[in-house]
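Architecture at a glance
Below, each chain spelled out in residue letters.
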Amino acid sequence: MAKHSTRNQKIGWILFVLYLAALLYLMFFSEMEQRGVGAKTEYTYNLTPFVEISRYLFSGNQIGLRGVLLNLYGNILGFMPFGFILGVISSRCREHWYNAVICTYLLSFGIEMIQLVLRAGSCDVDDIILNTLGGTLGYAVFCFVQHIRKVNYFKRHPE
């Protein structure tokens, strides 16, 4: 943690650690959706982009609403806090938006590779796409909140 961090950054770091712990649990130890280390006996993966996304969008009736919501929106919403918190704790991410996108991509890619090796779920390139989209949206929400904060500050302190 930086030596000159603000109160919000300190809170952000605490939230970041809690978020990563929850993500680690859900991805590797939860038994939800055949997850958990060694939950599958063989390797399952998809390396073709948009195959699973298309399947969930166009075959949602067969899959069911719960499956569609968990896979599509769960991956996006699950990584939105990551993008938001990166904006709070990282000055590099605040200066250049693409740093948040790269960090989100790298975390998602790492999770998918670990899932593949440990057979804890399935490795899916579409999950990487959705997770990266989620982190990017979370960072966009952070930028929007910062903009609102600046506007409110200048309304209260006109110069």
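Below is a short write-up of the structure. (Residues numbered from 1 in each chain as written. Predicted model: local features only at pLDDT ≥ 70, side-chain atom pairs only at ≥ 80, totals over all residues. Heavy atoms only, no water.)

**Details of helix α7 (residues 125–156)**
To keep things clear, this is the line we draw: The helix and strand labels rest on DSSP assignments: H or I over at least four residues marks a helix, E over at least two residues marks a strand, and numbering proceeds from the N terminus. By definition here, a helix of n residues has an expected span of 1.5 Å times n minus one. Classification of residues uses two cut-offs on accessible area relative to the type maximum, computed with a 1.4 Å probe and protein chains only: under 20% is buried, over 50% is exposed, and between them is partly exposed. Every residue pair with non-hydrogen atoms within 4.5 Å of one another is taken to be in contact. N or O atoms within 3.5 Å of each other form a polar contact, as long as, within protein, one can give a hydrogen and the other can take it, and as long as residues adjacent in sequence are counted only when both atoms are side-chain atoms.
The first and last C-alpha atoms of α7 sit 47 Å apart over 32 residues, in line with the 46 Å expected at 1.5 Å per residue. If you check which residues of α7 are buried, you get D126, D127, I128, L130, N131, T132, G134, G135, G138, Y139 and F142. Contacts made by the buried residues of α7 are with β1 (45–46), α2 (51–58), α4 (65–89), α5 (91–95), α6 (97–118) and β2 (123–124). The N-capping residue of α7, defined by a side-chain oxygen 2.9 Å from the backbone nitrogen of D126, is D124.

**What about a nonpolar patch on the surface?**
Worth spelling out the cut-off: Grouping into patches uses exposed residues only, defined as over 30% relative accessible area, and leaves out salt-bridged ones; the cut-off is 9 Å for like charges and 5 Å for nonpolar side chains (Val, Leu, Ile, Met, Phe, Trp, Tyr). Using the Shrake-Rupley algorithm and a 1.4 Å probe, accessible areas are obtained, with residue cover drawn only from the displayed protein chains. Salt bridge criterion: a side-chain nitrogen from Lys or Arg within 4 Å of a carboxyl oxygen from Asp or Glu.
Taken together, the side chains of L24, Y25, L26, F29, M32 and L70 define a hydrophobic patch exposed on the protein surface, amounting to about 550 Å² of accessible area. Ranked by the residues each element gives to the nonpolar patch, the list is headed by helix α1 (residues 7–28), at three residues. Position of L70 among the secondary structure elements: in helix α4.

**Here we look at α6**
The end-to-end C-alpha separation of α6 is 32 Å, in line with the 32 Å expected for 22 residues at 1.5 Å each. In this structure, the buried residues of α6 make contact with α1, α4, α5, β2 and α7. Looking one or two residues beyond α6, the residue adopting positive phi is R119, at roughly 55°.

**A short note on the packing of aromatic side chains**
As a reminder, the rule being used: For Phe, Tyr and Trp, where Trp contributes only its six-membered ring, two rings pair if their centres lie within 6.5 Å, and the inter-plane angle classes them as stacked under 30 degrees, edge-to-face over 60, or tilted in between.
The full count for this structure, using the stated rule, is nine aromatic pairs. Here F84 and F142 contribute two aromatic rings whose centre-to-centre distance is 5.7 Å and whose plane-to-plane angle is 85°, an arrangement assigned as edge-to-face. Here the residue F84 occupies a position in helix α4, and F142 occupies one in helix α7, the gap between them amounting to 58 residues. The class for F84 is partly exposed, based on a relative accessible area of 28%. A relative accessible area of 6% places F142 in the buried class.

**So, the environment of L65**
On the secondary structure map, L65 appears in helix α4. Classification of L65 as exposed rests on a relative accessible area of 63%. Once the C-alpha coordinates of L65 and S108 are considered, the two residues, 43 residues apart in sequence, prove to be 24 Å apart.

**Quick notes on the pattern of salt bridges**
Oppositely charged side chains are able to pair whenever their charged atoms sit close together. On inspection of all chains with the given rule, the structure shows one salt bridge. In this structure, R55 and E52 form a salt bridge, with 2.8 Å as the shortest nitrogen-oxygen distance. Taken together, the positions of R55 and E52, both in helix α2 and three residues apart, correspond to about one turn of that helix. In this structure R55 comes out as partly exposed when scored by relative accessible area, which is 37%.

Geometric values such as these leave the question of function open.
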